[in-house]
Amino acid sequence: MRVKQKYLFAGFGLLIGLLSFASLGSQAFAAPATFTVTTVADTGVGSLRAAIESANGNSNASDMDVITFNIAGSGVHTINLVTELPDITQKVTINGYSQTGASANTTISPAPMDSVIKIEINANALSGHPRGLNFESGAAQSVVRGLSVYGAETNISVQASNVEVKGNYISVDASGLAIPNGSNDNDTNNARGIQFHTSGSGLAIGGVNPADRNIITNKHETNVGAIVVDRNDALIYGNYIGIGRDGVSDLGGTQGISSVISGGGLIVGGTSTGMRNVISGSSITQVNLVGAKAKVQNNLIGTDYTGAVSSGITSGAGISIPGSTESLIGGIGANEGNVIKGVSGAGVASVDLDFTITWRRLRDKIFHEVMAGMCDFFNCTIEGLFVYC
Ligand SMILES: [Ca+2]
Ligand SMILES: [Ca+2]
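What you see is a predicted model; the values in this text were computed from it and never measured.

A. View of the environment of Gly 182. Tracing the sequence through the fold places Gly 182 in the loop between strand 11 (169-170) and strand 12 (192-196). A count of 14 C-beta atoms within 10 Å places Gly 182 in the partly exposed class. Sequence separation between Gly 182 and Ala 125 is 57 residues; the distance between their C-alpha atoms is 8.0 Å.

As structure tokens, then:
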């Protein structure tokens, strides 16, 4: 009797095991799929909303689904959102360059861009605190390319690890030259271009490949920005931040990059070809560092794409450092210094002079300085810090 019972349990266990395996198998090995957007309609068959829902529902946790675009007509296609899009909950590539007539940029930063964007996501009609695209933690390693996303409070929201935002116009329309606020021009439209927050690490914004360059800006509220980073390890290479695709047009943004990251690892620019960002035109500050361990090198700040002061670009402060620690601005090696020029506030400024800060600024080239109530290290003599001009 005891033996019989044992076999019975064993057989039952095997059955459960097989059922579990079959059910796991159907999830773990579902094939990655391509979902094609064929209409600008907010809902229904062929909509972007339906494509995101389908990609979320295709439960291949380890494989990348793809969302492509094939909307009839040669012009720019604008998806006017009526409600917020669904959160993106699984790894997906959204590729706006799949639309006929669209093409990725071919020029090396900081040269003017020639990307052609044909898909716009317009969130201007949404009220409250909407997001354009929101990558939840399950969407780690997702990629978004070739889109213009504007009008939401936060146009690209990232709460996932190792997401790539490449080749997009963010808070910028398909012309690459304007922030569209539409008729519902409230205080939150386009407040943040990209926000990296809540969870995740590792975010790539732009890259050294020409095709990866973004245009990003923001509008309205203070304490926001074209790029707001409060998670670890963000790489920002090759972008135009606050200026348009021609490299000389001021988009009218309020703040460029704002880092409030606690653990650190924000890297803005670098010495290799194509890493340099142009960060200009924002009325408050171009780079604002609150968090730790940022590295800001080889960028053009306050200038046009040639590194020259342009009458068409008005910029506030260059780099503000309200409290960052262990950060490095510039460097002593080749191509490590930033060019900071044409700003109306301080070039590099910190309000924290208690000598507990450990950030360093090394050999930046600062050409234009106006004291703005903060200590400007180009004009001040400060001992006890690693400051070289
Ligand atoms: Ca999926
Ligand atoms: Ca401006």
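Still more to cover.
B. Inspection of the nonpolar core at higher detail. The biggest cluster of nonpolar side chains holds 85 residues, and the ones touching the most others in it are Ile 156, Val 158, Ile 194, Ile 227, Ile 257, Val 287 and Ile 319. Ile 156 has contacts with Gly 132, Leu 133, Val 144, Val 149, Val 165, Ile 170, Gly 193 and Ile 194, leaving out every residue within four places of it along the chain.

C. How the structure looks around the pairing of strand 9 (residues 154-158). Summarising burial for strand 9: five of the five residues are buried, a large majority. Here strand 6 (residues 131-135) runs beside strand 9; their pairing, made up of four bridges, is parallel. Within strand 9, the position partnered with Asn 134 by the bridge is Ser 157. The pairing of strand 9 with strand 12 spans four bridges and is parallel. Looking at strand 12, one finds that Thr 154 is bridged to Arg 192.

D. Fine view of the environment of Gln 195. Mapped onto the secondary structure, Gln 195 falls in strand 12. Through-space distance from the C-alpha of Gln 195 to that of Arg 131 is 9.9 Å; in sequence the pair is 64 residues apart.

E. Inspection of helix 2 (residues 48-57) at higher detail. Residues Leu 48, Arg 49, Ala 51, Ile 52 and Ala 55 constitute the buried set of helix 2. Buried positions in helix 2, seen along its axis, are confined to an arc of 165° and lie on one side of it.

F. Examining the confidence of the model for the chain more closely. Across the chain, the average pLDDT comes to 84, with 80% of residues at 70 or higher. Predicted confidence is poor over residues 1-28, with pLDDT under 50, and the contacts of this stretch with residues over four places away or in other chains come to two contacts.

G. Just the pairing of strand 13 (residues 203-206), in detail. Of the strand pairs in this sheet, strand 10 (residues 163-166) and strand 13 are connected by three bridges, and their pairing is parallel. Directly across from Val 165, in strand 13, lies its bridge partner Ile 205. Across four bridges, the pairing between strand 13 and strand 16 (residues 234-237) is parallel. Each bridged residue has a counterpart across the sheet, and for Ile 205 the counterpart in strand 16 is Ile 236.

H. Structural view of the environment of Gly 265. Tracing the chain through its elements places Gly 265 in the loop between strand 18 (255-259) and strand 19 (266-268). When the 19 C-beta atoms within 10 Å are taken as the criterion, Gly 265 is described as partly exposed. Taking the C-alpha atoms as reference, Gly 265 lies 6.4 Å from Ala 234; in sequence the two are 31 residues apart. Excluding anything up to four places from it in sequence, Gly 265 contacts Asn 232, Asp 233, Ala 234 and Lys 293.

I. Examining unusual backbone geometry more closely. In this structure, Pro 110 follows Ser 109 across a cis peptide bond, with omega equal to 15°. Phi angles above zero are rare outside glycine, and Asn 190 is one such case at about 60°. For Asn 190, the location among the structural elements is in the loop between strand 11 and strand 12. Here Asn 335, not a glycine, exhibits a phi torsion of approximately 60°, which is positive. Within the secondary structure layout, Asn 335 lies in the loop between strand 25 (328-330) and strand 26 (339-340).

Cut-offs used in this document
Residues numbered from 1 in each chain as written. Chains lettered and ligands numbered in written order. Predicted model: local features only at pLDDT ≥ 70, side-chain atom pairs only at ≥ 80, totals over all residues. Helix = DSSP H or I, 4+ residues; strand = E, 2+ residues; numbered from the N terminus. Buried ≥ 20, exposed ≤ 12 C-beta atoms within 10 Å, placed from the backbone. Core = buried A, V, L, I, M, F, W, Y, C linked by C-beta atoms within 7 Å. Contact = placed C-beta atoms within 7 Å. Pairing = 2+ DSSP bridges. Arc of directions from axis to C-beta. pLDDT = per-residue confidence, 0-100.

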